[in-house]
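Here's the letter readout for the chains.
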Amino acid sequence: MDHAEVEVNGIRLHYVTVGRGPLILFVHGFPEFWYEWRKQLVEFGRDHQAVAPDMRGYNLSGKPAELSQYRVPHMVEDLRALADHLGRQKFVLVGHDWGGVVAWQLAINVPQVVDRLIILNLPHPRGLSRELAHNPEQQKNSAYARRFQQEGAEKSLTAEGLAEWVKDPDAKKKYVEAFGRSDFGAMLNYYKRNYPREPYTEDTSPVKKVQCPVLMFHGLGDTALLAPALNGTWDWIDKDLTLTTVPGAGHFVQADAAELVTKTMRAWLLR
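Please read all numbers here as calculations on a predicted model, not as lab measurements.

Enquirer: How should the pattern of salt bridges be read in this particular structure?
Expert: Here the structure, examined in full by the defined rule, presents 13 salt bridges. For arginine 56, the salt bridge is made with aspartate 78, and the minimal N-O distance between the two is 2.8 Å. One end of the pair, arginine 56, is in the loop between β4 (49-53) and α2 (72-85); the other, aspartate 78, is in helix α2, with 22 residues separating them in the sequence. In terms of burial, arginine 56 and aspartate 78 fall into one category: buried. With its nearest N and O atoms 2.8 Å apart, the salt bridge here joins glutamate 259 to lysine 263. With glutamate 259 and lysine 263 both in helix α11 (residues 258-269), this residue pair falls four residues apart, about one helical turn. The exposure class of glutamate 259 is exposed, given its relative accessible area of 55%.

Enquirer: I keep staring at the sheet that holds strand β1 (residues 2-8) and nothing clicks. Help me out?
Expert: The strands making up a sheet associate through backbone hydrogen bonding, with each pair oriented either parallel or antiparallel. Taken together, eight strands build an open sheet; the order of strands is β1-β2-β4-β3-β5-β6-β7-β8 and the sheet is mixed. Two strands in the sheet have a free side with no partner beyond their single neighbour: β1 and β8 (241-246). Looking at each pair of strands side by side, their axes are set apart by 20° on average, direction ignored. Pairing geometry for strand β7 (residues 214-219) and β8, over six bridges, is parallel. Note that in β8 the partner of valine 214 across the bridge is leucine 241. Contacts from α2 reach β1, β2 (11-18), β3 (23-27), β4 and β5 (91-96), with the element oriented near 115° to β1. Contacts from α11 reach β3, β5, β6 (114-120), β7 and β8 within the one sheet, and its direction differs from that of β7 by about 165°.

Enquirer: What should I look at first to understand unusual backbone geometry in this one?
Expert: The phi torsion of most residues other than glycine is negative, and most of the peptide bonds are trans. With an omega of -15°, the peptide bond between phenylalanine 30 and proline 31 qualifies as cis. Looking at the secondary structure, you find proline 31 in the loop between β3 and α1 (38-44). The peptide bond linking glutamate 198 to proline 199 adopts the cis configuration, its omega dihedral lying at -5°. Mapping proline 199 onto the fold places it in the loop between α9 (184-194) and β7. The backbone phi angle of asparagine 9 is positive, close to 55°, even though this residue is not glycine. One can find asparagine 9 in the loop between β1 and β2. Classification of asparagine 9 as partly exposed rests on a relative accessible area of 33%.

Enquirer: Just checking my understanding: could you explain the packing of α2 against helix α3 (residues 98-109) for this structure?
Expert: The packing of two helices is summarised by the inter-axis angle and the distance between the axes. Put simply, α2 and α3 touch, their axes get as near as 9 Å, and they point 75° apart. With respect to α3, the element α2 is oriented roughly perpendicular. Counted together, Val72, Met75, Val76, Leu79 and Arg80 of α2 and Val101, Val102, Gln105 and Leu106 of α3 form the full contact between these two elements. When its residues are assigned to classes, the contact of α2 with α3 shows seven nonpolar, one polar and one charged.

Enquirer: What is the right way to look at α2 in this model?
Expert: Every α-helix carries 3.6 residues per turn, so stepping three or four residues along brings you back to the same face. Taking 1.5 Å of rise per residue, 14 residues should cover 20 Å, and α2 covers 20 Å from first to last C-alpha, within 8% of that figure. Following α2 by one or two positions, glycine 87 adopts a phi angle in the positive range, close to 80°.

Enquirer: Sorry if this is basic, but what is going on with the layout of surface pockets here?
Expert: With a probe scaled to a water molecule rolled over the atoms, the places where space remains empty come into view. Its volume calculated, the largest pocket comes out at about 600 Å³. Considering the residues around the largest pocket, the lining is formed by 30 residues, among which Val101, Gln105, Pro125, Arg126 and Asn194 are closest to the centre. Mapped onto the lining of the largest pocket, the elements with two or more residues apiece are α2, α3, α4 (125-134) and α9. Per-element accounting of the lining of the largest pocket gives the leading share, six residues, to α3. For the lining of the largest pocket, the per-class residue count stands at 16 nonpolar, eight polar and six charged. Within this model, the second largest pocket holds a volume of roughly 370 Å³. Lining the second largest pocket are 19 residues; nearest its centre among them are Phe30, Pro31, Trp165, His251 and Phe252. For the lining of the second largest pocket, the elements supplying multiple residues, two or more each, are α6 (143-148) and α7 (159-162). When the residues that make up the lining of the second largest pocket are grouped by side-chain class, the tally is 10 nonpolar, six polar and three charged.

Cut-off values and rules
Residues numbered from 1 in each chain as written. Predicted model: local features only at pLDDT ≥ 70, side-chain atom pairs only at ≥ 80, totals over all residues. Heavy atoms only, no water. Salt bridge = Lys/Arg side-chain N within 4 Å of Asp/Glu carboxyl O. Helix = DSSP H or I, 4+ residues; strand = E, 2+ residues; numbered from the N terminus. Buried < 20%, exposed > 50% of the residue type's maximum accessible area, 1.4 Å probe, protein only. Pairing = 2+ DSSP bridges. Axes fitted to C-alpha atoms, helices over the stretch in contact; angles between N-to-C directions. Contact = heavy atoms within 4.5 Å. Parallel < 35°, antiparallel > 145°, perpendicular 65-115°, else oblique. Nonpolar A, V, L, I, M, F, W, Y, C, P; charged D, E, K, R; others polar. Expected span 1.5 Å × (residues − 1). 1 Å grid on protein atoms, 1.4 Å probe; cavity = no way out; pocket = protein on both sides within 12 Å on 5 of 7 lines; lining within 4 Å. Points joined across faces, edges and corners; volume = space filled by probe spheres on them.

Here it is, written out as structure tokens:
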């Protein structure tokens, strides 16, 4: 795995790249860093250029202080500019959690650059908007996001606490080290700037449909983003949708069911 840095969109992005071939770009969420994708990088680096950046605020990438710097459109442009730096006009895009938020928006708003879209445990934004507006269970289970939106919430976070979910002891050490280099305030700015706030209302604006095929994974044990938000996803996509639900896996489905996720991604890309 080769590590590199590039200045794009006014920010320094650190990324890891493996292999040669068509670009497949992996985008992590909270609380993660590029290492989330280590198993997929090895697999897809065999016949792709597999690239995973640290998102702004995380690990070795830049950490701007201003809340406005964490608007999703800024991060969409980070990824588009990174692909441009790598000399790619079109690529496969993979996103989990907040990386999924950014991936959805990149596919919706810059459709000409996304060949295929793979999303892990992040419903389409309209599905989440609908559930927050009408589903009391989702409202209840989004309490963590409301806490993250409070002033000074980052003071309650620690690197060890953020890495608590990681089961592998060697991996956990790497997570603690990476979170020690991260900016907790920046990490929570994703929630403060972009996550819906009460009173929740459903997005009823005109739909801009995703123009590429989509593969979605959803660990059914996810308590933060509930499965009913997946309903109707097909209404917001103009191509085929493949949905893989994974009983026994939680929010971090790429870790809980790594082999299933990787094999399914491989088979889907080979169609």
